[in-house]
Amino acid sequence: PPADMYAFNFLSEEWRSIQNERETGPGPIFGHAACYSEHAKRMYIVGGVHQRHRDAVVYSWDTRFGYWRRWPGPAEGQP
């Protein structure tokens, strides 16, 4: 099956697939925000819609060691 996540190398201008644990990551999601921290070497995914449900959870992808971490969001009904 095709990979769910890819990384782009700006020097070689090539994409490569990234193998990751789907159980710990956000899975298919849209309407989210993403940013990268050079200091932490992590990509952060914030919010979005997953399986028709708006999600307030934050996920981080550790680019050094290749794993997801889930950070709980505010309780439902909070801003």
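Up top is the structure.
The rules behind these values
Residues numbered from 1 in each chain as written. Predicted model: local features only at pLDDT ≥ 70, side-chain atom pairs only at ≥ 80, totals over all residues. Heavy atoms only, no water. Phe/Tyr/Trp six-rings, centres within 6.5 Å; stacked < 30°, edge-to-face > 60°. Buried < 20%, exposed > 50% of the residue type's maximum accessible area, 1.4 Å probe, protein only. Lys NZ or Arg CZ within 6 Å of the ring centre and 35° of its normal. Pairing = 2+ DSSP bridges. Helix = DSSP H or I, 4+ residues; strand = E, 2+ residues; numbered from the N terminus. Axes fitted to C-alpha atoms, helices over the stretch in contact; angles between N-to-C directions. Polar contact = N/O pair within 3.5 Å; in protein donor to acceptor, adjacent residues only side chain to side chain. Contact = heavy atoms within 4.5 Å.

Colleague: Help me out: how do you make sense of the packing of aromatic side chains in this one?
Modeller: To describe a pair of aromatic rings, you give the distance between the ring centres and the angle between the ring planes. Within this structure, the stated rule accounts for four aromatic pairs. Between Y59 and W68, the aromatic rings sit 6.3 Å apart at their centres with planes inclined by 85 degrees, giving edge-to-face as the arrangement. Each member of the pair, Y59 together with W68, is buried. An aromatic cluster is defined as three or more aromatic residues linked by ring pairs; in this entry it consists of F8, F10 and W15. Stacked on the ring of W71, the Lys or Arg R69 has its end atom at 3.7 Å from the ring centre.

Colleague: What should I look at first to understand the sheet that holds strand β3 (residues 33–37) in this one?
Modeller: The strands that make up a sheet are held in pairs by hydrogen bonds between backbone atoms, and each pair lies either parallel or antiparallel. The antiparallel open sheet is built from four strands, whose spatial order is β3-β4-β7-β8. Two strands lie at the open edges of the sheet, namely β3 and β8 (67–71), each paired on one side alone. On average, each strand axis in the sheet is tilted by 20 degrees relative to the strand beside it, whichever way the strands run. Where strand β4 (residues 42–46) meets strand β7 (residues 58–62), five bridges bridge the pair, whose relative direction is antiparallel. Across the sheet, residue Y44 finds its bridge partner in β7, namely S60.

Colleague: So what exactly am I meant to see when it comes to the side chain of D62 here?
Modeller: Position of D62 among the secondary structure elements: in strand β7. A polar contact of 2.9 Å, which involves the side chain of D62, links it to the backbone nitrogen of R64. What D62 contacts, discounting residues up to four positions off in sequence, is K41, R42 and Y67.

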